[in-house]
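Given next are the chains, with one letter for each unit.
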Amino acid sequence: PLEPDATLVLNEVISDNWTSGHDLGVEFGDWLEIYNRGAEPQSLDCWSLSDSWSFDPQKGPRKQWYFPYGMMSLAPGDHLLVWCDNDTDCETRKIDETTWELHTSFQLNRSADFVQLLDPCGRVADFVMTGFQPRDISVGRFPDGEGTGAFLDPTPGEANQPLGANRVHLLTSQ
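About the criteria used
Per chain, the residues get numbers from 1 upward, laid out in the order the sequence is written. This being a predicted model, a pLDDT of at least 70 is required before a residue's local features are given, and a value of 80 or more before pairs of side-chain atoms are given or counted; all residues contribute to the totals for chains, interfaces and linings. Note that water and hydrogens are dropped before the side-chain values are worked out from all heavy atoms of the structure. Think of it this way: any DSSP run of H or I at least four residues long counts as a helix, any run of E at least two long counts as a strand, and we number them from the N terminus. What makes two residues a contact is simply this: any of their non-hydrogen atoms within 4.5 Å. Patch definition: residues above 30% relative accessible area lacking any salt bridge, with like charges linked at up to 9 Å and the nonpolar side chains Val, Leu, Ile, Met, Phe, Trp and Tyr linked at up to 5 Å. In these tables, accessible area is a Shrake-Rupley quantity obtained with a 1.4 Å probe, and a residue counts as shielded only by the protein chains included in the view. By definition here, a salt bridge exists when the distance from a side-chain nitrogen of Lys or Arg to a carboxyl oxygen of Asp or Glu is within 4 Å. Known as pLDDT, the predictor's confidence for each residue is given on a scale from 0 to 100.

Enquirer: I would appreciate a short explanation of the environment of Leu 32 in the present structure.
Expert: Mapped onto the secondary structure, Leu 32 falls in strand β2 (residues 31–36). Along the primary structure Leu 32 and Gly 140 are separated by 108 residues, whereas in three dimensions their C-alpha atoms are 9.3 Å apart. Contact partners of Leu 32, with chain neighbours within four places excluded, come to Leu 10, Glu 12, Val 13, Leu 49, Leu 80, Leu 81, Val 82, Cys 84 and Val 115.

Written out as structure tokens, the structure is:
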């Protein structure tokens, strides 16, 4: 994170998802996970995500996707899954009284990308830059909320695991 005491961090990102979780429409889109590493609940009112710099001479001002106002707070130690699939038909789906399925207005690029979490004042609270991401391998922090840029087994909405921790290895003897 940019600030060592940042409460909310981008904890995990996957840009080539074929098998690691799907949305309610059974679509395997790109996703990211936000983690509250603080000791208090954190409201997401006026927070946003973006996959562009503050100003791009070719694209203009930064495009931002905002969390729904007045609808969600992230408890300490909680993970929030956000689909980065440009699915504008269902940007926000209410699952039950406390659970939402969120879809940004942008999607990630598997060859290289940049995503940032912006606080209510528009300041960058955290960001992740990825290089090429292999299929069904995420980039994130291990353990949750700490470290930077490790390849991980995808764990949408759950504690991060190092690469290989969730894979089954078959050994044969002759």
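Now that the structure has been shown, we can carry on.
Enquirer: Can you walk me through unusual backbone geometry in this structure?
Expert: Most peptide bonds take the trans form, and the phi angle of most residues other than glycine is negative. Geometrically, the link from Phe 142 to Pro 143 is a cis peptide bond, its omega value of -5 degrees lying close to zero. The residue Pro 143 is located in the loop between β14 (138–140) and β15 (150–153) in this model. Although it is not a glycine, Cys 46 adopts a positive phi angle of roughly 70 degrees. With respect to the helices, strands and loops of the structure, Cys 46 is situated in the loop between β3 (42–43) and β4 (48–50). Its identity as a non-glycine residue notwithstanding, Asp 136 has a phi of 60 degrees, on the positive side. Among the secondary structure elements, Asp 136 is positioned in the loop between β13 (124–130) and β14.

Enquirer: Just to check I follow, could you spell out a nonpolar patch on the surface for this structure?
Expert: On the surface, Trp 53, Phe 127 and Met 129 cluster together into a nonpolar patch covering about 340 Å² of accessible area. For Phe 127, the location among the structural elements is in strand β13.

Enquirer: Before we go on, may I ask you to explain the confidence of the model for the protein in this structure?
Expert: One rule of thumb: low pLDDT means the predicted coordinates there are not for detailed reading. Of the residues in the protein, 74% reach a pLDDT of 70 or more, and the chain-wide mean stands at 78. For the stretch residues 167–174, pLDDT sits under 50, and the model shows 4 contacts to residues farther than four places along the chain or on other chains.

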